[in-house]
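Report on the structure
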Amino acid sequence: MGLDEVKEDIMNDAKINAEKIVKEAQEQVKKMIFESSKEIDRIQMQETKDVKEALSIVEKEELSLLNLESKKLVFEKKKQMINEVVEKAKQEIISMNDKEKRVLLKKLLDKANKDIKVDIISCNKKDVQILKSIAGKLGIKETDISGGLVVENAEKTIRVDLSYDTLFEEIYENKLQELAEILF
């Protein structure tokens, strides 16, 4: 065997080995591409899942916030309506005719007499004459109230406030739940 033949055998073996190495390298590259593709798909799926979960949490938070705001607005509107009803009732009582006022003021004075010995009556300017006809010899003086009575004993140590403003405030505070149930 000559040098050329040995050289040719070595070249053929090197060529076969090179082709084998290239083929193995190509298979490894294909395998790496396949594995990388699988990993990319897995990462994308996880990211999609994470984004969906984050969106769901944000949607729930936004929905809760909107629900809370809605309840707050409804509450404020109901409160406003109750205030309007109470104010309208107060205005109707304030604007009663003298005959109706006389009956109401008499009832208020009777109630006050059950609590204390009434000697002094304070009322608004419009009701002075009506109270003089009801209370006779008791001291009656004008005061700045919308209506009703504020009474005191002779020593001015006990005072009972039966003014419309106070009565309506007490009704509002004590009967708010009942008013809400009636209206809504």
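Refer to the structure printed above.
A brief structural summary. (Residues numbered from 1 in each chain as written. Predicted model: local features only at pLDDT ≥ 70, side-chain atom pairs only at ≥ 80, totals over all residues. Heavy atoms only, no water.)

A tally of helices and strands in the protein chain yields four helices and four strands. Sequence-ordered secondary structure for the protein chain, helices as α and strands as β, is α-α-β-α-β-β-β-α. Taken over the C-alpha trace, the protein chain has a radius of gyration of 47 Å; the compact-globule value for 184 residues is 16 Å, which it surpasses by more than 25%. Projected onto its principal axes, the C-alpha positions of the protein chain cover 155 × 35 × 25 Å. Per-residue burial for the protein chain yields a buried fraction of 21% across its 184 residues. When the accessible area of the protein chain is evaluated, it comes to approximately 14,500 Å², of which 56% is carbon and sulfur surface. Seen as two clouds, the 34 positive and the 39 negative side-chain charges of the protein chain have centres 12 Å apart. (Helix = DSSP H or I, 4+ residues; strand = E, 2+ residues; numbered from the N terminus. Rg over C-alpha atoms; globule rule 2.2 N^0.38 Å. Buried < 20%, exposed > 50% of the residue type's maximum accessible area, 1.4 Å probe, protein only. Areas by Shrake-Rupley, 256 points an atom, 1.4 Å probe, with all protein chains shown as cover. Lys, Arg positive; Asp, Glu negative; His and termini not counted. Charge placed at Lys NZ, Arg CZ, Asp CG, Glu CD.)

Let's shift gears to the side chain of D127. Examined against the element boundaries, D127 turns out to sit in the loop between β1 (120–123) and α3 (128–135). Its relative accessible area of 1% is what places D127 among the buried residues. Residues in contact with D127, not counting those within four places in the same chain, are K101, L105, G147 and G148. (Contact = heavy atoms within 4.5 Å.)

With that settled, consider the pattern of salt bridges. Under the defined criterion, the tally for this structure stands at six salt bridges. Of the charged contacts in the structure, one is a salt bridge between R42 and E39, with a shortest N-O distance of 2.6 Å. Of this pair, R42 and E39 both sit in helix α1 (residues 3–94), three residues apart, roughly one helical turn. A relative accessible area of 35% places E39 in the partly exposed class. (Salt bridge = Lys/Arg side-chain N within 4 Å of Asp/Glu carboxyl O.)

Here we come to a negative patch on the surface. A surface patch of negative charge is lined by D4, E5, E8, D9 and D13. In this structure, D4 sits in helix α1. (Patch = residues over 30% accessible without salt bridge, like charges linked within 9 Å, V, L, I, M, F, W, Y side chains within 5 Å.)

Before going further, it helps to examine the pairing of β1. Of the two faces of β1, both are covered, the one formed by I120 and S122 as well as the one formed by I121 and C123. Pairing of β1 with strand β2 (residues 139–142) involves four bridges; the strand directions are parallel. Counterpart to C123 in the pairing with β2 is E142. Across three bridges, β1 lies against strand β3 (residues 148–152) in antiparallel orientation. Bridge pairing links I120 to E152 in β3. (Pairing = 2+ DSSP bridges.)

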